[in-house]
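This is what each chain is made of:
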Amino acid sequence: MSEGDIETVRRYADALFSAREVETGYGDLQVLYGVDVDVRDDEIVLVFGPNGAGKSTLMRALFGQLPLWAGTVTMGGADLSGLESNEMVPHGVAYVPQTENVFPNLTVDENLDVGTIHAAKPDERRAAMFELFPRLAERRNQDASTLSGGERQMLAMARALMPDPDLLLVDEPSAGLAPRLIDRTFEHVERVRDAGTAVLMVEQNVTAALSVADRGYVLDQGRNRFEGGAGALRDSDRVRDLYLGK
């Protein structure tokens, strides 16, 4: 793929989830300017860029935690643009924020109970989560506060996956983890996709994240800068020099 290819932000007609011309911010401060994102079935899509680019703001806007100032969000053709975050899960969208993503004073089992609110078959989903994350089965009666950072990240993903969503939004899954746990975290992201849930992920550990992603978007100053396959982004001299380091 040529350099010019990644400078064109394409729109995918077969996308499961689409954001078009998204604009939002905080108070009088605009953060996002006409951002486009698509996620297709069974894809892992990475969003990366410099600090302050608007990546976490994008995730909050896509999940209804921030109102859209302009633009649309659709899932399977249904318009979700005006929905709040508590209305997104029934439409097949789940979200794992970067921080405060588990209840520390609840056990692993109790955290999963919280995720069963929208689960049609909670016992089956709990069994599926313990199969996906076997370590959680071993820790099911422990308080979340006693888990390691990697185990808490597993629990956060498992709780979000309890309703069996079609799309999981994940903000900085490797943040704060020891280096030896980072690769394992992205292995878990791959396993989520392989189990049938598409993933849209924000991540600063870009090289590791691109190793599991199918495609990626670069945000810079609240705007789409590049878009393309993971290999094309990783091999681009411009992307490497600007965002990955030489």
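First, a word on scope: everything that follows refers to the structure included in this document. All residue numbers refer to positions counted from 1 along the written sequence of the respective chain. Note on the predicted model: pLDDT of at least 70 is required for a residue's local features to be given, and 80 or more for side-chain atom pairs to be given and counted; whole-chain, interface and lining totals, by contrast, use all residues. Water and hydrogen atoms play no part in the side-chain values, which are based on all heavy atoms of the structure.

This part is about helix α2 (residues 55-62). With a 1.4 Å probe rolled over the protein chains alone, any residue whose accessible area is under 20% of its type maximum counts as buried; one over 50% counts as exposed, and the rest are partly exposed. In this text, helices come from DSSP runs of H or I with a minimum length of four residues, and strands from runs of E with a minimum of two, each type numbered from the N-terminal end. Among the 8 residues in α2, 6 count as buried, and that is most of the element. Among the residues of α2, K55, T57, L58, M59, A61 and L62 are the ones counted as buried. G64, located one to two residues past α2, shows a positive phi value of around 80 degrees.

The biggest cluster of nonpolar side chains holds 47 residues, and the ones touching the most others in it are L46, F48, F133, L136, L155, L168 and M201. With 7 residues, helix α6 (residues 149-161) is the single largest residue contributor to this core. Other than its neighbours up to four places away in sequence, L136 contacts V108, F130, E151, M154, L155 and A158. As used here, the term nonpolar core means buried Ala, Val, Leu, Ile, Met, Phe, Trp, Tyr and Cys residues forming a set that is joined through side-chain atoms within 4.5 Å. Within the second largest apolar cluster, 34 residues are counted, among which are Y12, V22, L58 and L66. The criterion used for residue contact is that any of the two residues' heavy atoms lie within 4.5 Å.

Aromatic pairs are defined between Phe, Tyr and Trp rings, using the six-membered ring for Trp, whenever the two ring centres lie within 6.5 Å; interplanar angles under 30 degrees are classed as stacked, those over 60 as edge-to-face, and all others as tilted. This model, assessed by the stated rule, comprises 2 aromatic pairs. When the ring of F63 is compared with that of Y95, the centres are 5.2 Å apart and the planes differ by 40 degrees; the resulting orientation is tilted. Of this pair, F63 sits in the loop between α2 and β4 (70-75) while Y95 sits in strand β6 (residues 93-96), and the two are 32 residues apart along the sequence. Just as F63 is buried, Y95 falls in that class too. Aromatic pair F226 and Y243: ring centres 6.4 Å apart, planes at 75 degrees, arrangement edge-to-face. A residue pair is termed long-range when its members are at least 10 positions apart, and F226 in strand β10 (residues 223-229) and Y243 in helix α10 (residues 237-244) qualify at 17 residues. Across the pair, Y243 and F226 agree in class, each one buried. Here R215 stacks its cationic end above the ring of Y12, 4.3 Å away from the centre of that ring. When the ring centre of Y33 is taken as reference, the NZ or CZ atom of R223 above it lies at 4.2 Å. A ring has a charge above it when a Lys NZ or an Arg CZ is no more than 6 Å from the ring centre and no more than 35 degrees off the ring normal.

Quick look at the pattern of salt bridges now. Where charged atoms of side chains with opposite charge meet at close range, the side chains can pair. Each reported salt bridge corresponds to a side-chain nitrogen of Lys or Arg within 4 Å of a carboxyl oxygen of Asp or Glu. Using the criterion set out here, one finds 20 salt bridges in the structure. The salt bridge partner of E151 is R135, with a shortest N-O separation of 3.1 Å. Placement of E151 in helix α6 and of R135 in helix α5 (residues 134-138) is noted, with a sequence separation of 16 residues between them. Exposure remark for R135: the relative accessible area of 33% places this residue in the partly exposed category. Put simply, R10, R40, E43, R215 and E227 are held in one network by salt bridges that share partners.

This part is about the pairing of strand β7 (residues 167-171). Counted residue by residue, β7 has 5 buried out of 5 residues, so it is predominantly covered. Alternating positions in β7 separate into two faces, L167, L169 and D171 on one and L168 and V170 on the other, with burial throughout. In terms of strand pairing, β6 meets β7 through 4 bridges, oriented parallel. Of the residues in β7, the one forming a bridge with A94 is L168. In short, DSSP must find at least two bridges between two strands for them to pair. As judged from the 5 bridges shared by β7 and strand β8 (residues 198-202), these two strands associate in the parallel manner. Directly across from L167, in β8, lies its bridge partner A198. Handedness of a crossover is defined as follows: with both strands directed away from the viewer, a clockwise route from the first strand across the helix to the second makes it right-handed. Since β7 and β8 lie parallel, the crossover through helix α7 (residues 179-194) that links them has a hand, and here it is right-handed.

Moving on to the packing of α6 against α7. Axes here refer to lines fitted to C-alpha atoms; in helices the fit is confined to the stretch in contact. Angles between the N-to-C directions go from 0 to 180 degrees. Remark: α6 packs on α7, axes separated minimally by 10 Å, with the N-to-C direction vectors making an angle of 15 degrees. Viewed along their axes, α6 and α7 adopt a mutual orientation that is roughly parallel. At the point where α6 passes α7, the crossing takes the right-handed sense. For the pair α6 and α7, the contacting residues are G150, Q153, M154, M157 and L161 in the first and L181, T185, H188, V189 and V192 in the second. Each residue gets one label: Ala, Val, Leu, Ile, Met, Phe, Trp, Tyr, Cys and Pro are nonpolar, Asp, Glu, Lys and Arg are charged, and the others, such as Gly, are polar. In terms of residue class, the contact of α6 with α7 is built from 6 nonpolar, 4 polar and no charged. Angle categories are assigned with fixed cut-offs, so that under 35 degrees is roughly parallel, over 145 is roughly antiparallel, 65 to 115 is roughly perpendicular, and the rest are oblique. Throughout, a crossing is termed right-handed when the near helix is turned clockwise from the far one, and left-handed when it is turned anticlockwise from it by less than a right angle.

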